[in-house]
Amino acid sequence: MSPVLRRFTRPALAATVATLLLSGAAFAQKANYDEAKVPKFDLPNPLVAADGTKIETADDWRAKRRPELLDLFAREMFGKRPSVAPEKIKFEELTSDSNALGGKATRKEIRIYFDAPNKTPKADLLIYIPNDRKGPAPVFLMPNFQGNWTTTDDPGVAALDVAGRTRNANKKPDEVRGVAKSRWAFDKIVSRGYAIATVYYEEIDPDKHDGFKNGVHPLFGERSDSGDEPGSIAAWAWGLSRALDCLETLPEIDAKKAIVAGHSRLGKTALWAGAQDERFAAVISNDSGCGGAALSRREFGETVAIINKSFPHWFCENFKKYGADVDALPFDQHQLIALIAPRPVYVASATLDQWADPKGEFLSAFYADPVYRLLGTDGIGEVKEQPGPDVSVGSTIRYHLRTGKHDVQDFDWEQYLDFADETVLKR
Ligand code: GTR
């Protein structure tokens, strides 16, 4: 008997064996942080179609491989793309103040109704638009975790008692005003000529598993047992596209230069939103990890088995079967990045965020490169390996590994602003 097994008492051992039998994925549920234990794997080739055809031209990619991959990610991971009759979506400007951020910006709050006749569900978009601009401003769209009023001390932003919220649920909304402001470099962004729009993700869909009865899910119609009904990430991504619809209505905003960004679970969301909705001019994944930029087959840090167990509502049912066998996935996350091509994409990691597998995040960016090249860009440029901390590398595909924890910090924003200047603005 191995020393590990000997440590169990008999009943505990029986219980463990039962758990292992119940879940083939149980072995994978302890996170590995040892590079030497990363399994050997072959990555699916983004430029070979499911029927074995080589994808050799940009037209082949567009006509055959891109739709096929989008469909596979929808069917096997995020769930199919939700839809709601466009006439149900309405926008209402609630506030507008041209003297925000010490006079540098105009602040707007716009309510998005997802089912206008019923006034609910709805989500408020908070926007800061630079006052010093020559024309419509390019814009970052980035969802937030705790409410628009937590991103800033600005007392002009409404604090709302959002139904179904899972964070700070025992606190009055006003008690958490500004708590997340270190992640939101509003001043820096606006001073560089960009607008920034944010929406509280739990207004789109609360982050809990209630059988998809709350948030926007009921609008998507009766759920079948097909296994590809949309999970929460699909719903949040859909909400970001509706936020972009709203930005398109504002003359002060250049919605053709909208960059969708997200941190962590919302980084996964930004990637899926950007992959599907080609109106997004660029995509930023900040520490998105498993189910985002990190390669699933590395099983380093959080794994497909672990994420499906902890967050069963994020992905569709079909994704669950891959926890026990990631090699059976018909794609890996480099192909999610490739679906953004030829549009610029930024993947960022943090040194202390091993749970998100920084190396796996880099490798996804790296292995998306052939698609970017096929589509006529310079992809990741001359980069051949993951860089050390605190340097931004690449070209149309960019990457950095920030020193520090799982977070969004000023260093990250500085890189994103340079990236936006050098890619989106120059196009
Ligand atoms: C973690 C989860 C990650 C990441 C993170 C977050 O608990 O395991 O996949 O999404 O939450 O969103 O903060």
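Scroll up for the structure.
Trainee: Account for the overall build of the protein, with residues named and values stated.
Mentor: When helices and strands are tallied, the protein shows 12 helices and 10 strands. Computed over the C-alpha atoms, the radius of gyration of the protein is 22 Å, within 12% of the 22 Å expected from 2.2 N^0.38 for a compact globule of 427 residues. Here the C-alpha coordinates of the protein stretch approximately 70 × 50 × 40 Å along the principal axes. When each of the 427 residues of the protein is scored for burial, the buried share is 56%.

Trainee: A description of the state of the cysteines should follow, citing residues and the corresponding values.
Mentor: Evaluated as defined, the whole model comprises 0 disulfides. Cys316 takes part in no disulfide bond, and the closest cysteine sulfur, belonging to Cys290, lies 14 Å away. Accessibility expressed as a relative area gives 1% for Cys316, which makes it buried.

Trainee: Which residues make up the packing of helix α3 (residues 58-78) against helix α7 (residues 265-276), and what values do they have?
Mentor: Relative orientation of the contacting elements α3 and α7 amounts to 145 degrees, with a least axis distance of 11 Å. For the pair α3 and α7, the sense of crossing is left-handed. Residue-level inspection shows Arg66, Leu70, Phe73, Ala74 and Phe78 of α3 in contact with α7, the latter providing Trp272, Ala275 and Gln276. Of the residues belonging to the contact of α3 with α7, the class tally is 6 nonpolar, 1 polar and 1 charged.

Trainee: Describe the site of the ligand, and please don't skip the residues or the numbers.
Mentor: In the region of the ligand, the neighbouring residues are Phe145, Ser264, Arg265, Lys268, Glu302, Ile307, Phe311, Trp314, Trp355 and His406. At a separation of 2.7 Å, an oxygen atom of the ligand approaches a polar side-chain atom of Ser264. Here the ligand loses 79% of its free accessible area of 320 Å² to cover by the protein chains. Within the shell around the ligand, the residues separate by chemical class into 5 nonpolar, 2 polar and 3 charged.

Trainee: With reference to specific residues and values, describe unusual backbone geometry.
Mentor: Cis rather than trans, the peptide bond between Thr120 and Pro121 has omega equal to -5 degrees. Locating Pro121 in the fold gives a position in the loop between β2 (105-113) and β3 (122-130). With omega at 0 degrees, the peptide bond leading from Ala341 into Pro342 counts as cis. Take Pro342: it is sitting in the loop between α9 (333-338) and β8 (345-350). Residue Lys119 is not a glycine yet carries a positive backbone phi of 65 degrees. With respect to the helices and strands, the residue Lys119 is situated in the loop between β2 and β3.

Trainee: Describe the nonpolar core, naming the residues involved and giving the relevant values.
Mentor: The biggest cluster of nonpolar side chains holds 123 residues, and the ones touching the most others in it are Leu125, Phe140 and Trp272. In terms of residues, this core owes the most to one element, helix α6 (residues 232-248), which gives 11 residues. Look past the residues within four positions of Trp272 in its chain and what remains in contact with it is Leu70, Phe73, Ala74, Phe78, Gly79, Ile233, Ala234, Ala237 and Leu336.

Trainee: Quick one: what's the story with the pairing of β8, residue by residue and with numbers?
Mentor: Taken across its 6 residues, β8 has 6 buried, putting it largely inside the fold. On β8, burial covers both faces: Val345, Val347 and Ser349 on one face and Tyr346, Ala348 and Ala350 on the other are all buried. Where strand β7 (residues 282-286) and β8 come together, 4 bridges link them in parallel fashion. Note that in β8 the partner of Asn286 across the bridge is Ala348.

Trainee: Describe the pattern of salt bridges, listing the residues and the values that go with them.
Mentor: As a working rule, side chains carrying opposite charge can pair if their charged atoms are close by. Tallied over the entire structure, the rule returns 42 salt bridges. Note that Lys80 is salt-bridged to Glu229, the shortest N-O span being 3.4 Å. In this pair, Lys80 sits in the loop between α3 and β1 (90-100) while Glu229 sits in the loop between α5 (201-204) and α6, placing the two residues 149 residues apart along the sequence. On the basis of relative accessibility, which here comes to 35%, the residue Lys80 falls in the partly exposed class. Taking the shortest distance from any N to any O, the salt bridge between Asp412 and Arg402 comes out at 2.7 Å. Of the two residues, Asp412 is situated in helix α12 (residues 410-422) and Arg402 in strand β10 (residues 397-402); the sequence distance between them amounts to 10 residues. For the residue pair Asp412 and Arg402, the accessibility class agrees, reading buried in each case. A network of salt bridges, in which partner residues are shared, links Arg242, Asp245, Glu248, Asp277 and Arg279.

Trainee: Which residues make up α6, and what are the values?
Mentor: In a regular helix each residue adds 1.5 Å, so 17 residues correspond to 24 Å; α6 covers 24 Å between its end C-alpha atoms and thus fits that length. Across the 17 residues of α6, 16 count as buried, placing the element largely inside the fold.

Trainee: Outline the side chain of Asp332, listing residues and values.
Mentor: Mapping Asp332 onto the fold places it in the loop between α8 (304-310) and α9. Within the structure, the side chain of Asp332 is placed 2.7 Å from the backbone nitrogen of Ser296, a separation counted as a polar contact. Beyond its immediate stretch of four places on either side in the chain, Asp332 contacts Leu43, Pro44, Phe73, Ala294, Leu295, Ser296 and Arg297.

Trainee: Kindly report on α12, identifying the contributing residues and their values.
Mentor: Along its 13 residues, α12 runs 18 Å from first to last C-alpha, staying within 8% of the 18 Å computed at 1.5 Å per residue. Where α12 is concerned, the buried positions are Asp412, Trp413, Gln415, Tyr416, Leu417, Phe419 and Ala420.

Trainee: Explain the packing of aromatic side chains to me, using residue names and the numbers behind them.
Mentor: For any pair of aromatic rings, the description rests on two quantities: the centre-to-centre distance and the angle between the ring planes. Applying the stated criterion across every chain yields a total of 24 aromatic pairs. Arranged with centres 5.0 Å apart and planes meeting at 80 degrees, the rings of Tyr346 and Tyr416 form a pair that is edge-to-face. One end of the pair, Tyr346, is in strand β8; the other, Tyr416, is in helix α12, and 70 residues separate them in sequence. In terms of burial, Tyr346 and Tyr416 fall into one category: buried. Against the face of Tyr113 rests Lys119, its NZ or CZ located 4.8 Å from the ring centre. Lying across the ring of Phe212, Arg223 places its NZ or CZ 3.8 Å from the centre.

Reading the values: the criteria
Residues numbered from 1 in each chain as written. Predicted model: local features only at pLDDT ≥ 70, side-chain atom pairs only at ≥ 80, totals over all residues. Heavy atoms only, no water. Helix = DSSP H or I, 4+ residues; strand = E, 2+ residues; numbered from the N terminus. Rg over C-alpha atoms; globule rule 2.2 N^0.38 Å. Buried < 20%, exposed > 50% of the residue type's maximum accessible area, 1.4 Å probe, protein only. Disulfide = S-S within 2.5 Å. Axes fitted to C-alpha atoms, helices over the stretch in contact; angles between N-to-C directions. Left-handed = near helix turned anticlockwise from the far one by under 90°. Contact = heavy atoms within 4.5 Å. Nonpolar A, V, L, I, M, F, W, Y, C, P; charged D, E, K, R; others polar. Near = heavy atom within 4 Å. Polar contact = N/O pair within 3.5 Å; in protein donor to acceptor, adjacent residues only side chain to side chain. Areas by Shrake-Rupley, 256 points an atom, 1.4 Å probe, with all protein chains shown as cover. Core = buried A, V, L, I, M, F, W, Y, C linked by side-chain atoms within 4.5 Å. Pairing = 2+ DSSP bridges. Salt bridge = Lys/Arg side-chain N within 4 Å of Asp/Glu carboxyl O. Expected span 1.5 Å × (residues − 1). Phe/Tyr/Trp six-rings, centres within 6.5 Å; stacked < 30°, edge-to-face > 60°. Lys NZ or Arg CZ within 6 Å of the ring centre and 35° of its normal.

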